[in-house]
Amino acid sequence: MKNSTPFILQVRPKIPARLARLEEIATNLWYSWDRPTRALFARLHPGLWKTTGQCPKAFLKRIDEQRLVDAAEDQVFIGNFNRVLAAYDTYHDVRLPASGSDWLHKEDLIAYFCAEFGFHESFPIYSGGLGILAGDHCKAASDLRLPFVGMGLLYRQGYFHQTIDGEGNQIATNSDSHFEDLPIKAATLADGSEAYTSVDLPGRKLNLKIWQAKIGHITLYLLDTDLESNSPHDRDITHRLYGGDKVMRLEQEIVLGIGGVRALRILGLKPTVWHINEGHAAFLVLERIRQKVSDEGLDFASALEYVAVNTIFTTHTPVPAGHDHFSAGMMGSYFEHYYHELKLSRDEFLALGNAKDSPDFNMTALAIRGTRYNNGVSRIHGDVSSNICGDMWPEIEQQENPMTYITNGVHAPTFLASEWIEVLERHLGIEWSARMNDVDFWQGIEDIPDHLFWSVRQSLKAKMLNMVRERISEQHFRNQGSEAHLDRLLKYVNPENPNILTIGFARRFATYKRATMLFGDLGWLREILHNPDRPVVFIFAGKAHPADIPGQDLIRRITQISKMTEFVGKILIVEGYDLALSRKLVSGVDVWLNNPLYPLEASGTSGMKAGINGAINLSVLDGWWGESYDGKNGWAIKPVSEALSEEVRTREETSTLYELLQDQVVPLYYEHSKMGFSPEWVKMSKHSMATIMPRFNSKRMVGEYLAKCYLPASRQHRLYKQNNHQNALAIAAWKARIRNAWPGVALRRLGIEQGNINFGENLRFEIAVSLNGLDPKDVVVEMLIGLFTKREKLKDTNHYSFEATGTMTEAGENLFALEIQPEQCGKLEYRIRAYPFHEMLTHPFELGMMRWL
């Protein structure tokens, strides 16, 4: 045998005619959030279903044909199959009324670009939070029936598979996906031929194959460089998600941004709204401008205005160092041909990515310059991003610049455990999913009987504990552990006795997330965990990037602690964190712990997933929890002053964590009534679910993008496109005139300042403005007036606009006047300013220009 050559023969089963549509539902990622569909496949062969990673397409290629024949004659299976098909057909029925798409114009199409998408573990083209968020965005767009396509990269290797050895060392292994097993197919042109496009790299052309996946109503397109016509290096560009060096990263982003725009064009798709989800795809701005310049003869400035008004940029990064940037030399070698096509000089081109205090080309800077809708992903992160990106609008106060926020949400049908669905239908009504965003409606959670609510929570916990036991057992034996020690490890994670307080911490192991903060004072922790009447177990899971040594050190530290005699079985770390484990943990733990260093958690969505399942959050007031916490739906660790050192902050917040655990969390859980559970715990759990579900689901999130970004971007697109882009040309010319004149604009107050008046009296103000050649209608002169405060300026102020009087001062200044009657008594503060104004601007401060008196 050892000298023989193995040959592979794939024998496919014939699917009985009665079950023919199994293939159709196997290739639509609708299955990623429809549990009855996944259960249907699992029922055919549970072992094979698990072996194939719950991938329906791979499963159908490998199942024994006799099982399919038997299933076609099994009336119970056929009944379940028909129910799945009925749900599938109802969901995809084009005659159903739209629930969002009707807001848009009939020709509208939204194109959503992201470097990763996470729908289900059977489709591994994601690494973590960004990808899962992008997947949830697509699912919600499908639910809302939006005209929407996604654009990403098709990786042979998704994020690595993780094992952890006996010493806590993370071992990362990668394996190639077989595209024929994935829920994808080659995209085709109108004539039926496979679709390809290309991008230019230094000295060569890179060919790209276009694939597509169906996600409910919408289509995701994915680009692949692994083609025989490309060199070995180029074939590797889309091989691994976030793999390789800076060169590989730049080439991936060229493929995504430039290749993505070209792919949509080849396919005959004409998006009217473009969404850049994180800076990786920002090169799409350059390609769209290039097409306008080369195809339609627009000058660069006009093409930029046309492109920017219908483009949205969402940043997920809370620190400047997290934004992608490339050296000027590297950019020159890859984009030299672009200078001429955009009709720019090298310096003008590089200026598009210019960021303060860095010589590099910054992708976030490019994204902001090429878009007019910019947002962070939580209220706190919006403020952080306004500060980080504030230099893009140098004369605008941070709280007024165009950077806003839309808080992330999670796709409830994906992450809400199926055990809740029957309960919700019985007590809230079958319309619960249609009323996902109705805050008052979800107060009905309070009406679910406590014993029923608790029984669902315990059932979910038992299933979670079962998976944890399976994974830890496998991990333990692979690391040569003994049977006797395994019994000790699993003592507190017993599905038959799910009455032990279980706290989960599962996320990427990055240092700012402070996974080991719990171990700051082991003596105090020992005191909390060693009450035999009130046992507590902590379950940790997560991956550290293979290049992140400090992140891997966190895993080693947790492993070390878990091996200490006093913590054996009470501190557990589970390897192989993936979507399947995530779904079980967020639905099954009692408490979800999150303790990042403020304000470095952009949003965080795992706590939302836990909250909608009735788990209670214990978290630092950062990211989404800063908006959700109301004092009754969980526990909050208030961040200490950022002026203190990280070490001091962590020490102080660790003390708060211990106090909350010792004084509130543990006692509340074990305040058992005669029913065998804590009524007050159930009350908080219900309130958590009722407050988090309607505010932090992806249907609300995408609806907010629709109202705040997609709809206005669509309108601006039509406005700037009118009459062969005449409005784009006009606004570009106007901005050039403003930029040229603005250094010479100045304000001067006329008359005597009046310090005291009686309520009801009028005040007249006159301001002389040197416009340096501009017209009075090119500016707004404005007063901001409000109660005097030593705190934040510009907050809670009334705005009044001055009017041009049509007269000039002897010095040639334009005279502006305002007459007001103050609406408040007390000590008022007012300020006067001027800024450029044009009715076609998307944001009043998009030029970043302001003059204060």
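In what follows, the accompanying structure is described. (Residues numbered from 1 in each chain as written. Predicted model: local features only at pLDDT ≥ 70, side-chain atom pairs only at ≥ 80, totals over all residues. Heavy atoms only, no water.)

### Notes on the overall build of the protein chain
At step 1: A count of helical and extended segments in the protein chain gives 27 helices and 28 strands.
At step 2: The C-alpha atoms of the protein chain give 29 Å as radius of gyration, which agrees with the globular expectation for 853 residues (29 Å, within 12%).
At step 3: The dimensions of the protein chain, computed from C-alpha atoms along their principal axes, are 95 × 65 × 50 Å.
At step 4: Counting every position in the protein chain, which comprises 853 residues, the buried fraction comes to 58%.
At step 5: Taking the intrachain contacts of the protein chain between residues at least 6 apart in sequence as the baseline, contacts between residues at least 24 apart amount to 74%. (Helix = DSSP H or I, 4+ residues; strand = E, 2+ residues; numbered from the N terminus. Rg over C-alpha atoms; globule rule 2.2 N^0.38 Å. Buried < 20%, exposed > 50% of the residue type's maximum accessible area, 1.4 Å probe, protein only. Contact = heavy atoms within 4.5 Å.)

### A short note on the sheet that holds strand 25 (residues 803-808)
At step 1: Strand order in this open sheet of four strands is 21-22-26-25, and the pairing throughout is antiparallel. Two strands bound the open sheet, and with one partner strand each, they are strand 21 (746-750) and strand 25. Across the sheet, the axes of successive neighbouring strands diverge by a mean angle of 30 degrees, strand direction being ignored.
At step 2: Examined bridge by bridge, strand 22 (residues 763-770) and strand 26 (residues 814-820) share seven bridges and lie antiparallel to one another. (Pairing = 2+ DSSP bridges. Axes fitted to C-alpha atoms, helices over the stretch in contact; angles between N-to-C directions.)

### Digging into the packing of helix 10 (residues 283-296) against helix 11 (residues 300-308)
At step 1: Direction vectors running N to C along helix 10 and helix 11 enclose 125 degrees, while the axes themselves pass 9 Å from each other. On the basis of the axis angle, helix 10 is oblique to helix 11. Relative to helix 11, the crossing made by helix 10 is right-handed. Only Phe 300, Ala 303, Leu 304, Tyr 306 and Val 307 of helix 11 make contact with helix 10, whose side of the interface consists of Val 285, Arg 288, Ile 289, Lys 292 and Val 293.
At step 2: Residues of the contact of helix 10 with helix 11, tallied by class, amount to eight nonpolar, no polar and two charged. (Parallel < 35°, antiparallel > 145°, perpendicular 65-115°, else oblique. Left-handed = near helix turned anticlockwise from the far one by under 90°. Nonpolar A, V, L, I, M, F, W, Y, C, P; charged D, E, K, R; others polar.)

### Side note on the sheet that holds strand 18 (residues 591-594)
Remark on secondary structure: sheet strands pair via backbone hydrogen bonds, oriented parallel or antiparallel.
At step 1: On the basis of which strands lie adjacent, the open sheet formed by six strands has the order 17-16-15-18-19-20 and parallel pairing. Two strands bound the open sheet, and with one partner strand each, they are strand 17 (571-574) and strand 20 (634-637). For this sheet, the mean angle separating the axes of adjacent strands, direction not counted, is 20 degrees.
At step 2: The pairing of strand 18 with strand 19 (residues 616-620) spans four bridges and is classified as parallel. Bridge pairing links Asn 594 to Ser 619 in strand 19.

### Re helix 15 (residues 379-388)
At step 1: Looking only at helix 15, the buried set comprises Ile 380, His 381, Gly 382, Val 384, Ser 385 and Ser 386.
At step 2: Those residues of helix 15 hidden inside the fold are in contact with strand 13 (373-376), strand 14 (403-405) and helix 24 (625-628).

### Some remarks on the environment of Val 319
At step 1: Turning to its location among the elements, Val 319 is positioned in the loop between strand 10 (311-314) and strand 11 (325-326).
At step 2: For Val 319, a relative accessible area of 31% gives the class partly exposed.
At step 3: The sequence separation of Val 319 and Glu 819 amounts to 500 residues, and the corresponding C-alpha distance is 45 Å.
At step 4: When near neighbours in sequence (up to four residues on either side) are disregarded, Val 319 contacts Ile 388 and Leu 600.

### Things to note about unusual backbone geometry
At step 1: A cis amide bond links Tyr 598 with the next residue in sequence, Pro 599, at an omega value of 0 degrees.
At step 2: The topology assignment puts Pro 599 in the loop between strand 18 and helix 23 (606-612).
At step 3: Of note, Arg 514 is a non-glycine position whose phi angle comes to about 50 degrees, a positive value.
At step 4: Within the secondary structure layout, Arg 514 lies in the loop between strand 15 (501-506) and helix 20 (522-529).
At step 5: At Asn 724, a residue that is not glycine, the phi angle is positive and equals roughly 55 degrees.
At step 6: Looking at the secondary structure, you find Asn 724 in helix 27 (residues 698-741).

### Side note on the nonpolar core
At step 1: Of all hydrophobic cores here, the largest spans 172 residues; its most connected members are Leu 22, Phe 113, Phe 123, Phe 283, Phe 335, Phe 349 and Tyr 710.
At step 2: For this core, the leading source of residues is helix 27, giving 14 residues.
At step 3: Once residues lying within four places of it in the same chain are set aside, the contact partners of Phe 283 are Leu 250, Glu 253, Ile 254, Gly 257, Ile 258, Met 331, Phe 335, Phe 361, Met 363 and Leu 366.
At step 4: Val 410, Phe 453, Leu 529 and Phe 696 belong to the second-largest nonpolar core, a separate cluster that totals 104 residues. (Core = buried A, V, L, I, M, F, W, Y, C linked by side-chain atoms within 4.5 Å.)

### With respect to the packing of helix 9 (residues 246-266) against helix 10
At step 1: For the pair helix 9 and helix 10, the least separation of the axes is 8 Å and the interaxial angle reads 45 degrees. Put simply, helix 9 runs oblique to helix 10. Note on packing geometry: the crossing formed by helix 9 with helix 10 is right-handed. Each of Leu 250, Glu 253, Ile 254, Gly 257, Ile 258, Val 261, Arg 262 and Arg 265 in helix 9 lies in contact with helix 10, whose residues at this interface are Phe 283, Leu 284, Glu 287, Arg 288, Arg 290, Gln 291 and Asp 295.

### Details of the packing of aromatic side chains
At step 1: Counted by the stated rule, this structure contains 37 aromatic pairs.
At step 2: Here Phe 441 and Trp 442 contribute two aromatic rings whose centre-to-centre distance is 5.9 Å and whose plane-to-plane angle is 85 degrees, an arrangement assigned as edge-to-face.
At step 3: Using a relative accessible area of 11% as the deciding quantity, one classes Phe 441 as buried.
At step 4: Residue classification places Trp 442 among the buried positions, given a relative accessible area of 0%.
At step 5: With 5.0 Å between their ring centres and 75 degrees between their planes, Trp 624 and Phe 696 make a pair best called edge-to-face. (Phe/Tyr/Trp six-rings, centres within 6.5 Å; stacked < 30°, edge-to-face > 60°.)

### Things to note about the pattern of salt bridges
At step 1: Scanning the model with the defined rule gives 47 salt bridges in all.
At step 2: Of the charged contacts in the structure, one is a salt bridge between Glu 65 and Lys 14, with a shortest N-O distance of 3.8 Å. A residue pair is termed long-range when its members are at least 10 positions apart, and Glu 65 in helix 5 (residues 65-73) and Lys 14 in the segment before helix 1 (22-26) qualify at 51 residues.
At step 3: Take Lys 14: its relative accessible area is 59%, and that puts it in the exposed class.
At step 4: Between Asp 778 and Arg 737 there is a salt bridge whose closest N-O contact spans 2.9 Å. Here the residue Asp 778 occupies a position in the loop between strand 22 and strand 23 (779-787), and Arg 737 occupies one in helix 27, the gap between them amounting to 41 residues.
At step 5: Beyond isolated ion pairs, a larger network of salt bridges with shared partners links Arg 262, Glu 287, Arg 290 and Glu 341. (Salt bridge = Lys/Arg side-chain N within 4 Å of Asp/Glu carboxyl O.)

### Section: a negative patch on the surface
At step 1: There is a patch of like negative charges on the surface, built from Asp 64, Asp 70, Glu 73 and Asp 74.
At step 2: Summarising the element assignment, Asp 74 is placed in the loop between helix 5 and helix 6 (75-92).
At step 3: Overall, Asp 74 belongs to the partly exposed group, its relative accessible area being 35%. (Patch = residues over 30% accessible without salt bridge, like charges linked within 9 Å, V, L, I, M, F, W, Y side chains within 5 Å. Areas by Shrake-Rupley, 256 points an atom, 1.4 Å probe, with all protein chains shown as cover. Lys, Arg positive; Asp, Glu negative; His and termini not counted. Charge placed at Lys NZ, Arg CZ, Asp CG, Glu CD.)

### Here's the deal with the pairing of strand 2 (residues 148-153)
At step 1: Judged by how many residues are buried, strand 2 sits mostly within the fold: six of six residues are covered.
At step 2: Every second residue of strand 2 is oriented toward a common face, with Phe 148, Gly 150 and Gly 152 on one face and Val 149, Met 151 and Leu 153 on the other, all of them buried.
At step 3: The pairing of strand 1 (residues 110-113) with strand 2 spans four bridges and is parallel. Across the sheet, residue Ile 110 finds its bridge partner in strand 2, namely Phe 148.
At step 4: In the classification by handedness, the crossover that spans strand 1, the intervening helix 7 (residues 129-143) and the parallel strand 2 is right-handed.
At step 5: By the bridge criterion, five bridges tie strand 2 to strand 8 (residues 218-224) in an arrangement that is parallel. Paired with Met 151 across the strands is Tyr 221, a residue of strand 8. (Right-handed = clockwise from strand over helix to strand, strands pointing away.)

### Things to note about the state of the cysteines
What we call a disulfide is simply a covalent bond connecting the sulfur atoms of a pair of cysteines.
At step 1: Under the definition given, this model contains zero disulfides.
At step 2: Here Cys 709 stays unpaired: no disulfide links it, and the sulfur of Cys 389, its closest cysteine neighbor, is 15 Å away. (Disulfide = S-S within 2.5 Å.)

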